[in-house]
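Residues per chain are reported as follows:
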Amino acid sequence: MDYKSTLNLPATDFQMKADLAKREPEILKRWEEEGLYKNIMETGAERPRYTLHDGPPYANGNIHIGHALNKILKDIIVKSAFMTGSSADYVPGWDCHGLPIELQAEKDLGKKKETLSKLEVRKVCREYAARYVAIQREEFKRLGVFGEWENPYLTMNYGYQADILRELGRFHKNGLVYKGKKPVYWCASCRTALAEAEVEYADKTSPSVYVKFRVVNPKNKFAINPEKGTYFVIWTTTPWTLPANLAIALHPTLIYRLVKTPAGDLILNQELIKPCMEKFGFKEYEITEGTWTGQQLEDIVCLHPFIERESRIILGGHVTTEAGTGCVHIAPGHGQDDYELGLRYGLDIYAPVDDNGKFTQEVPEFSGQLVSNANKGIIELLERKDALLKEEPLRHSYPHCWRCKNPVIFRATAQWFVSMEEGGLRKRALEAIDAVNWIPSWGRDRIYNMVLGRPDWCISRQRAWGVPIPALRCKGCGKSFLDDGLIDRLAGVFEKEGADVWFSKGIEELLPPGIKCPAKCNDAGFEKEDDILDVWFDSGVSFSAVLEKRENLKDRADLYLEGSDQHRGWFQSSLLASVATRHRPPYSSVLTHGFVVDGTGRKMSKSIGNVVAPQEVIKKYGAEVLRLWVAAEDYSEDIRISEEILTRLSEAYRRVRNTMRFILGNLKDFSPEKDYVEYRALTELDRLTLRRLEELKGRVLSAYKNFEFHTIYHSVHNFCAVDLSAFYLDISKDRLYTSKAGSVERRAAQTTLYHTLDHLLRLMAPILVFTTDEAWGYLPGEKAASVHLSGFPEPRPQWREGWDAGLEKKWELLLGIKAEASKALESARKDKLIGHPLDAKVSIVPGNELKGLIEKEASTLEEILIVSKVEILSGDKDKLEGGIESREWPGLWILVEKADGEKCERCWHISPDVGKDLRHPSVCSRCARALS
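No experiment lies behind these values; they were computed from the predicted model shown. (Residues numbered from 1 in each chain as written. Predicted model: local features only at pLDDT ≥ 70, side-chain atom pairs only at ≥ 80, totals over all residues. Heavy atoms only, no water.)

J.: Break down the overall build of the chain for me, with residues and values.
T.: Check the secondary structure of the chain and you find 30 helices and 33 strands. With the C-alpha coordinates aligned to their principal axes, the bounding extent of the chain is approximately 125 × 75 × 50 Å. Considering the chain as a whole, with its 932 residues, one finds that 58% of them fall into the buried category. Taking all contacts inside the chain whose residues are at least 6 apart in sequence as the whole, residues at least 24 apart take part in 77%. Entry remark: accessible area of the chain is about 39,700 Å², with carbon and sulfur atoms responsible for 48%. When the 129 basic and 135 acidic side-chain charges of the chain are each reduced to a single mean position, those positions are 2 Å apart. (Helix = DSSP H or I, 4+ residues; strand = E, 2+ residues; numbered from the N terminus. Buried < 20%, exposed > 50% of the residue type's maximum accessible area, 1.4 Å probe, protein only. Contact = heavy atoms within 4.5 Å. Areas by Shrake-Rupley, 256 points an atom, 1.4 Å probe, with all protein chains shown as cover. Lys, Arg positive; Asp, Glu negative; His and termini not counted. Charge placed at Lys NZ, Arg CZ, Asp CG, Glu CD.)

In structure tokens:
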């Protein structure tokens, strides 16, 4: 007889080979045809809303691995919120304006860009952005991310542009917007001002110089050396800013001394005298007795080293003794601290540099030269004027443009700003920060310190592609101003025709009647300005343009989630915009993730060749492994990715998938409605597994709540590999395969498996989005059409309460004995005494401590050890010659031998009763009963 056909062997169409790269697109297509996301939204329509607001990526290229990390994290959170019982609509968005897109469009245009008008450039930029919105949309969908992909928000949509303008109007009505001349980051390559968030720091080698400024009026503090002169000495790493020097700053409380040297009498901070003398190469010098605080030296007059201009001694709290001389060169048009001191002392905000980063005719010696190229000439001029004490290269961190990667300069230009002090905006923003839950908690200190020290927000840009600042310039007095009536009127026009009208229509078509210059110069002639708004303003007001406009979203988001760079970017611009006009933060919580680095922790770079593209990962492993990578890593730090990491995760995925497949195979004939076994009728082994499942559920649901997704991955993977594959599934195979199909013992195991898989699929659905839904389709019983329409499993108190302290202690001992016996079995296998555990008989001398338990649970031990026979011997250990004594329980001896009898052809157990049933002479009595 073919006894194999009598076994209840597993069978399922859920394939062991995932073939994710092929299967995932098929699942995506099915979801789209079934309208899954629409069904999810309809299912949650009456529930409390949970809103994760999407920070918009730039529509300027294919997505990279950082995009994948970000979108998958958001998707996990949104899906888990729905499965927790919320309505969690996800509205994706794109940042469509600004320099990143304009530069890419210009790159595509090549030389043709020089012949295009501003309107034509804007048209090309819009088309470019639209193209990449479409590309990125499909790439994000391929990751298994759910959302309103056919109804996203785009900052270039007419309605959104109108909202940007309305929010600018709110700022202006609150008195927060002004135009002023002050230093800003300026990119000469891109010819525009930059926000702090648009600047990144990279190492740069600069010429550092020590320069003498001759004293001409010491204000009776000291005598001037009549032969060699007396000088204050400054140190700077930007020699090109020296033509704009107007003062020298000393710290008011630091001590300064006069030092007699071969280069004249030099005044500098006393703590820095020795290192400076060594640097200048002066072995012989004299430190004079007199000392002064910086405050005592205020108002002393020096001469500029190569321009006929005075340079006054002023006081600045930012002066330190960390480097240099304690005397700081001040150019109010080229630095924030310099600017603030200049205002305090009434200095000109002087910056003789044009939009191209070249000196103007105000510096005739270097007119037309790029400031970066002028350093050499300025140093040579200092040498000729005998003003240079030392020049040396310095490697230091320096601000660079985030897009073109070139070094930027600080340059005073006329720009539009949002005041951080007017109306107490800074103070209110700092208070709002403390009303937000920052995840991780260090995010609070990071953004708090950034807002505490940030300058006024420069919101104007000198580019073409963006929402215009509808400022007017009076032809009579030259004053620039914003008009609330014009802003309100334009917002309505933008809503219908878009922001291009500012550039396409004449001023007379746009102005409201009765507009007048606020300076009351009575001139009715105006010109349009053509600056555009900072893109951080565009995205910063998304709470207004998106959250407050869509009924399915909360007007204050539950969560903003982006990379840690957004503390100075979107998190901050959104905070300032909302606090300025709504008097509250736009979010309740902010979650920050790190950056993606390679397997050794290096930043990804095309030049290094360590870039990992999500498209390539998907092609090789499938999006599911990419999602597993996101869940497996601690995103609060930088996240590593490499071929080795992906291979390891692919193997982990395979283990989880095979666990699902094994369970499905053993549920082929199980109907939860007909075959379900009540909890009290389950075996202790079944109940132990359900107890562990309940503990897993608690850990996983807590981890979702606290955004600790790596805990979910490790917990579920460990449960599948250890609690199931290496324990319960391995042990229960015999019961599942060899018992009568409809027997209570088999149905009990199937009931346990059913609960286990049902829980695993729902608990992992937000992460393994494709696999769980595929397996869900094979799960027996009545259920939601998709796992993504279901909820997380409810608590099962009975699974905990039905497992009392006595059972806990008993099974702790049984599993400890199993561990000891497994060592003996492994030793016997290595010695080739047995091949498979079913070849073995395990004899046990229990010792006094475990005697009662072992004698009572011999059959249980036989089951969990998966051996053919467990024999309990009472008395002396001498009966177990060659046995092993346990270190854990002295007196417990275990001996492994070959089992007595013949091998059952059906269950493979070795038993003395094989052949006793005449109808089935090649099987054991247990199998014979199952066959009757």
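J.: Residue-level account of the packing of aromatic side chains, with values.
T.: Evaluation of the coordinates by the stated rule reveals 28 aromatic pairs. On the basis of an interplanar angle of 40° and a centroid distance of 5.7 Å, the ring pair of Trp-457 and Phe-537 is categorised as tilted. Residue Trp-457 is found in strand E18 (residues 457–458), and its partner Phe-537 is found in helix H15 (residues 535–540); the two are separated by 80 residues along the sequence. Pair check on accessibility: Trp-457 and Phe-537 agree, each one buried. Site record: aromatic cluster; members linked through ring pairs are Trp-438, Tyr-560, Trp-570, Phe-571 and Tyr-587. (Phe/Tyr/Trp six-rings, centres within 6.5 Å; stacked < 30°, edge-to-face > 60°.)

J.: Can you lay out helix H4 (residues 99–109) for me, pointing to particular residues and giving the numbers?
T.: What H4 keeps buried is the set Leu-99, Pro-100, Ile-101, Glu-102, Ala-105, Glu-106 and Leu-109. Looking at the buried positions of H4, the neighbouring elements they touch are helix H5 (118–142), strand E5 (192–194) and strand E15 (388–401). Two residues or fewer past H4, Gly-110 is found with a positive phi of approximately 65°.

J.: Provide a residue-level description of the pattern of salt bridges, including the pertinent values.
T.: Taken as a whole and judged by the stated rule, the model has 69 salt bridges. For Arg-602, the salt bridge identified is with Asp-598, shortest N-O distance 2.9 Å. A relative accessible area of 43% places Arg-602 in the partly exposed class. Accessibility expressed as a relative area gives 5% for Asp-598, which makes it buried. Across the pair Arg-692 and Asp-723 runs a salt bridge, and its minimum N-O distance is 3.1 Å. In this pair, Arg-692 is assigned in helix H22 (residues 684–705) and Asp-723 in helix H23 (residues 709–738), connecting sequence segments 31 residues apart. (Salt bridge = Lys/Arg side-chain N within 4 Å of Asp/Glu carboxyl O.)

J.: Can you explain unusual backbone geometry? Please cite residues and give values.
T.: Cis geometry marks the peptide bond from Ile-439 to Pro-440, where omega comes out at -5°. Mapped onto the elements of the fold, Pro-440 is located in the loop between strand E17 (437–439) and helix H11 (442–453). Here Asp-19, not a glycine, exhibits a phi torsion of approximately 50°, which is positive. Relative to the helices and strands, Asp-19 is located in the segment before helix H1 (20–34). Note on Asp-19: relative accessible area 35%, which makes it partly exposed. Despite not being glycine, Ile-866 has its phi angle at roughly 55°, a positive value. Position of Ile-866 relative to the elements: it lies in the loop between helix H29 (858–865) and strand E29 (869–872).

J.: Got a sec to walk through the sheet that holds E18? Specific residues and values, please.
T.: Pairing in this open sheet of 4 strands is antiparallel, and the strands run E5-E4-E16-E18 from one edge to the other. Edge positions in the sheet fall to E5 and E18, since each has one partner strand and no second. Pairing analysis gives 3 bridges linking strand E4 (residues 177–187) to E5, with the strands arranged antiparallel. Residue Cys-187 lies in a different strand from E5, and its bridge partner there is Thr-192. (Pairing = 2+ DSSP bridges.)

J.: Give me the sheet that holds strand E20 (residues 472–474): which residues, what numbers.
T.: One open sheet accounts for 3 strands, arranged E21-E20-E22; its pairing is antiparallel. Each edge of the open sheet is held by one strand with a lone partner, namely strand E21 (480–481) and strand E22 (526–528). Judged from the 3 bridges that link them, E20 and E22 form a sheet pairing that is antiparallel. Residue pairing across strands places Cys-474 opposite Phe-526, the latter belonging to E22.

J.: Residues and numbers for a negative patch on the surface, please.
T.: Judged by side-chain charge, Asp-634, Glu-637, Asp-638 and Glu-708 come together as a negatively charged surface patch. What makes Asp-638 partly exposed here is its relative accessible area of 45%. (Patch = residues over 30% accessible without salt bridge, like charges linked within 9 Å, V, L, I, M, F, W, Y side chains within 5 Å.)

J.: Explain the state of the cysteines to me, using residue names and the numbers behind them.
T.: All told, the structure shown has 0 disulfides when counted by the stated rule. You can see Cys-907 has no disulfide; the closest cysteine sulfur is in Cys-904, sitting 3.6 Å from it. The class for Cys-907 is buried, based on a relative accessible area of 8%. (Disulfide = S-S within 2.5 Å.)

J.: How would you summarise the environment of Gly-816 if you had to cite specific residues and measurements?
T.: In this structure, Gly-816 sits in helix H27 (residues 805–830). Residue class for Gly-816 comes out buried when judged on its relative accessible area of 18%. In this structure the C-alpha to C-alpha distance between Gly-816 and Glu-888, which are 72 residues apart in sequence, comes to 8.6 Å.

J.: Any details on helix H28 (residues 847–856)? Residues and values, ideally.
T.: Of the positions making up H28, those classed as buried are Gly-847, Leu-850, Leu-853 and Ile-854. Buried residues of H28 fall within an arc of 115° about the axis and therefore sit on the same side. Projecting away from the buried face of H28 at angles above 90 degrees are the exposed residues Asn-848, Gly-852 and Lys-856. (Arc of directions from axis to C-beta.)

J.: Give a description of the packing of H22 against H23 that names residues and reports values.
T.: It is at 10 Å that the axes of H22 and H23 come closest, and there the two elements cross at 170°. When the axis of H22 is compared with that of H23, the two are roughly antiparallel. Residues Leu-685, Asp-686, Leu-688, Thr-689, Arg-692, Leu-693, Leu-696, Arg-699, Val-700, Ala-703 and Tyr-704 of H22 touch H23, and the partners they reach there are Phe-709, Thr-711, Ile-712, Ser-715, Val-716, Phe-719, Asp-723, Leu-724, Phe-727, Tyr-728, Ile-731 and Arg-735. Tallied by class, the residues present in the contact of H22 with H23 amount to 15 nonpolar, 3 polar and 5 charged. (Axes fitted to C-alpha atoms, helices over the stretch in contact; angles between N-to-C directions. Parallel < 35°, antiparallel > 145°, perpendicular 65-115°, else oblique. Nonpolar A, V, L, I, M, F, W, Y, C, P; charged D, E, K, R; others polar.)

J.: Kindly report on the side chain of Asp-163, identifying the contributing residues and their values.
T.: Here Asp-163 shows up in helix H6 (residues 158–173). Those residues in contact with Asp-163, other than ones at most four positions away along the chain, are Ser-544, Ala-545 and Lys-549.

J.: Any details on the environment of Asp-456? Residues and values, ideally.
T.: Assignment of secondary structure puts Asp-456 in the loop between H11 and E18. With relative accessibility at 17%, the residue Asp-456 sits in the buried group. In this view, Asp-456 contacts Tyr-178, Lys-182, Phe-417, Val-418, Ser-419, Met-420 and Glu-421; residues no more than four positions away in its chain are not counted. In terms of polar contacts, Asp-456 uses its side chain to reach the side chain of Tyr-178, at 2.5 Å. (Polar contact = N/O pair within 3.5 Å; in protein donor to acceptor, adjacent residues only side chain to side chain.)

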